[in-house]
Amino acid sequence: MKIVIVENPRPLTAEHYNDVANAPLSASLNSGYALAVARRAGWETAYMDFTADHWDEAATAEAILAEDGDIVLFHWVYSWGYEEFVRSVLELLSRNSKAALGAFGLFPTLASARLQLFAPPLDFVLVGEFEDTLSELLPLFTKRRAVAALPGVHLRGGSYVARPLIADLSLLPAPDDVGANCAYTSLNVAASRGCYGACSFCFIHRYYGCSRRRVRDLVSLERELETRLARRNVESLYFIDPTFIGQGDGERGRAREIGEMAQRFGLPFGFETRVDGITDRLLATLAECGATSLFLGIESGCDSVLRRIGKRISTEQIRRVVRAVQNSGIELHLGFIMFEPDSTMAELQENYDFLEELGLLDRHELTANLLYHNQIVLYGSAAWERFGGEGRLLLEERLPFEARYRFRDERVGHVCTAMGRLTSAYFAALGRLRQEPSAAAVYPGSAVNALLKEAFRALCNAAQAGQSLVVESVEAECVARLQRAVAL
Ligand code: SF4
């Protein structure tokens, strides 16, 4: 028996150029785990990665059919308006093969019922954490030649029963290293799953069905590293755990032990974590062990916004931790939602002042990211339900699983739109620059940084005064100045 795991195309579009958050980083190991689980069940496996391909639907379907799988399982990630493409491929597959067609991952979990209406050839969806479901499904499929109605399986037209979370993560097989992951010199690895937070915009607790963080034992982590590091050359590790450091002294001790393990392998490492898990001492220890990068989702510089999104941290905690990371030598990466949908103009100003105070607006790449991001609303998220209920969703037929929304204060919406277009021009220029490395040396980085900041302040002032026409002309002028500045 053979299973074919397929990554759907996820092309970059101008409107989503800098919207990278279509799946949490932990999703990068989903296909690798599915392949390893299938092989452990005695199945032959094939992996097909169409993320960066530009094939048409017929060629894509033909390549999948050539693998002659008994099950074709799409690791279907939100595809920015490319859902139609995947649906057409599924139709071609169902017409020309008897394989059972399924989907798994974050997007199919959150949109399971609607996705099956959208793509009728889809026979089933593996909902939520899928490894135990797949382990049970494959031997039954071998006997019955059909996908069984098991907990965790949403069959087309059937009801669905949730499956309990995996009791012991240490028993999972080491995931295969496949696809885009292999192009990086850094190895993504999971030391835990889930998060004890419940931020309103986040998908992690929805995917697992709870706000709980589970850890694996460190012996299994070390064994996995030995296995995977023998497969390819790796220069660093990246822990994709939604929150690498848990709560309490015991969990901080565990983070230290993992740091020491990375040190034994001679590899620097990066990780993502919540602000409230960090202490100065732990940071210093992890830096000594070789931690080089840290991603913190701080999200806002306003306590009112932090409360609204259920972040359960304060600006005072963020100040302390950001300064500690800056002093530790570990490179800091930030998640920040400048334009939260209920923001006021005063909160935009407070965000800006907060970022300046912490010295976070000094580099143009970081400034562009911090002054631009709005909240992405994807189907199946709490935000979709809420804005739908409040009549604030702005739907478009060509984008069935994502939506824009009405800001509570339309002036905030004007600044957000203008900054979105300005940063699109910025990212396009940066993209050209990356193709011409010789131009990087003469790139006017500090002038561009100053321009981005000036544009943000000028747009806020114009919007504050209720002058939407002035907002438009400020945007046009800033885009023109930016294009002149980067015309290398
Ligand atoms: S802390 Fe991060 S991973 Fe946890 S719920 Fe909030 S956004 Fe999600």
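The rules behind the values
Residues numbered from 1 in each chain as written. Predicted model: local features only at pLDDT ≥ 70, side-chain atom pairs only at ≥ 80, totals over all residues. Helix = DSSP H or I, 4+ residues; strand = E, 2+ residues; numbered from the N terminus. Rg over C-alpha atoms; globule rule 2.2 N^0.38 Å. Buried ≥ 20, exposed ≤ 12 C-beta atoms within 10 Å, placed from the backbone. Contact = placed C-beta atoms within 7 Å. Pairing = 2+ DSSP bridges. Right-handed = clockwise from strand over helix to strand, strands pointing away. Axes fitted to C-alpha atoms, helices over the stretch in contact; angles between N-to-C directions. Near = placed C-beta within 6 Å. Nonpolar A, V, L, I, M, F, W, Y, C, P; charged D, E, K, R; others polar. Core = buried A, V, L, I, M, F, W, Y, C linked by C-beta atoms within 7 Å. Domains from an automatic or database assignment. Expected span 1.5 Å × (residues − 1). Arc of directions from axis to C-beta. Parallel < 35°, antiparallel > 145°, perpendicular 65-115°, else oblique.

Asker: Account for the overall build of the chain, naming residues and giving values.
Answerer: The number of helices and strands found in the chain is 19 helices and 16 strands. The C-alpha radius of gyration computed for the chain amounts to 23 Å, which stays within 12% of the reference 23 Å derived for 488 residues, consistent with globular compactness. C-alpha extents for the chain along the principal axes are approximately 70 × 50 × 50 Å. Looking at the 488 residues of the chain, the share that counts as buried comes to 41%. Look at the contacts in the chain between residues 6 or more apart in sequence, and 76% of them connect residues 24 or more apart.

Asker: Let's hear about the pairing of strand 11 (residues 269-273): which residues, and what values?
Answerer: Most of strand 11 is tucked away: five of the five residues are buried. Side-chain alternation along strand 11 places F269, F271 and T273 on one buried face and G270 and E272 on a second face that is also buried. Taken together, the three bridges between strand 10 (residues 236-239) and strand 11 define a ladder with parallel strand orientation. Looking across to strand 11, one finds that F239 is bridged to F271. Crossover strand 10 to strand 11 through helix 9 (residues 248-264) is right-handed. Relative to strand 12 (residues 291-299), strand 11 runs parallel, the two being bridged by five bridges.

Asker: Summarise the environment of Y372; cite the residues concerned and give the values.
Answerer: Mapped onto the elements of the fold, Y372 is located in the loop between helix 14 (364-370) and strand 14 (377-378). The exposure class assigned to Y372 is buried, which follows from the 22 C-beta atoms found within 10 Å. Each C-alpha atom, one on Y372 and one on I313, is 22 Å from the other, the two residues being 59 residues apart in sequence.

Asker: I'd like a description of the sheet that holds strand 2 (residues 44-49), backed by residues and values.
Answerer: Read from one edge of the open sheet, six strands run 2-1-3-4-5-6, paired in mixed fashion. Each having just a single partner strand, strand 2 and strand 6 (153-155) make up the two edges of the open sheet. Within this sheet the neighbouring strands show an average axis-to-axis angle of 20°, counted without direction. Pairing of strand 3 (residues 71-75) with strand 4 (residues 100-104), which is carried by five bridges, proceeds in the parallel orientation. Pairing of F74 across the sheet is with A103, part of strand 4.

Asker: Could you give an account of the site of the ligand, with specific residues and numbers?
Answerer: Within the structure, the ligand sits among C195, G197, A198, C199, C202, I204, H205, P242, T243, R274 and G297. Here the shell around the ligand is composed, by residue class, of six nonpolar, four polar and one charged.

Asker: I'd like to hear about the sheet that holds strand 11, residue by residue, with values.
Answerer: An order of 7-10-11-12-13 is seen for the five strands of this open sheet, with the pairing classed as parallel. Edge positions in the sheet fall to strand 7 (186-189) and strand 13 (331-336), since each of these pairs with one other strand and no more. Adjacent strand axes in the sheet meet at a mean angle of 20°, parallel and antiparallel pairs treated alike.

Asker: An account of the nonpolar core is needed here, citing residue identities and associated values.
Answerer: Among the nonpolar cores identified, the biggest contains 133 residues, and L73, V415 and L459 are the most heavily contacted of them. In terms of residue count, helix 18 (residues 445-464) provides more of this core than any other element does, nine residues in total.

Asker: With reference to specific residues and values, describe unusual backbone geometry.
Answerer: Excluding glycine, a negative phi dihedral is what most residues carry, and trans is how most peptide bonds are arranged. Positive phi is not limited to glycine here, since R145 has a value of about 55°. Inspection of the secondary structure assignment puts R145 in the loop between helix 6 (131-144) and strand 6.

Asker: Now, about the domain arrangement of the chain: what can you tell me, with residues and values included?
Answerer: Note on interface size: it is often stated as the accessible area lost on association of the parts. On domain assignment, one finds that the chain holds domain 1 (2-155), domain 2 (184-336) and domain 3 (361-488). The C-alpha-based centres of domain 2 and domain 3 are spaced at 28 Å. A breakdown of the residues in the side of domain 2 that touches domain 3 according to their chemical character gives four nonpolar, one polar and no charged.

Asker: Run through helix 12 (residues 315-328), naming residues and quoting values.
Answerer: At 3.6 residues per turn, the α-helix brings residues three or four places apart onto the same side. Helix length check: helix 12 (14 residues) gives 20 Å between terminal C-alpha atoms against 20 Å at 1.5 Å per residue, within 8%. All buried positions along helix 12 are accounted for by I318, V321, V322 and V325. All buried residues of helix 12 fall inside an arc of 100° around its axis, so they share one side. Facing away from the buried side of helix 12 by over 90 degrees, the exposed positions are E316 and N327.

Asker: So what's going on with the environment of V6? Which residues, and what values?
Answerer: Residue position: V6 is located in strand 1 (residues 2-7). For the pair V6 and F50, spaced 44 residues apart in sequence, the C-alpha to C-alpha distance is 7.3 Å. Apart from residues lying up to four places away in sequence, V6 is in contact with M48, F50, I64, V72, L73, F74 and H75.

Asker: With reference to specific residues and values, describe the packing of helix 18 against helix 19 (residues 468-485).
Answerer: At a minimum axis distance of 9 Å, the contact between helix 18 and helix 19 shows a crossing angle of 175°. The angle between helix 18 and helix 19 falls in the class roughly antiparallel. Each of A447, V448, L451, A455, A458, L459, A462 and A463 in helix 18 lies in contact with helix 19, whose residues at this interface are V470, V471, V474, E475, C478, R481, L482 and A485. For the contact of helix 18 with helix 19, the class distribution of residues is 14 nonpolar, no polar and two charged.

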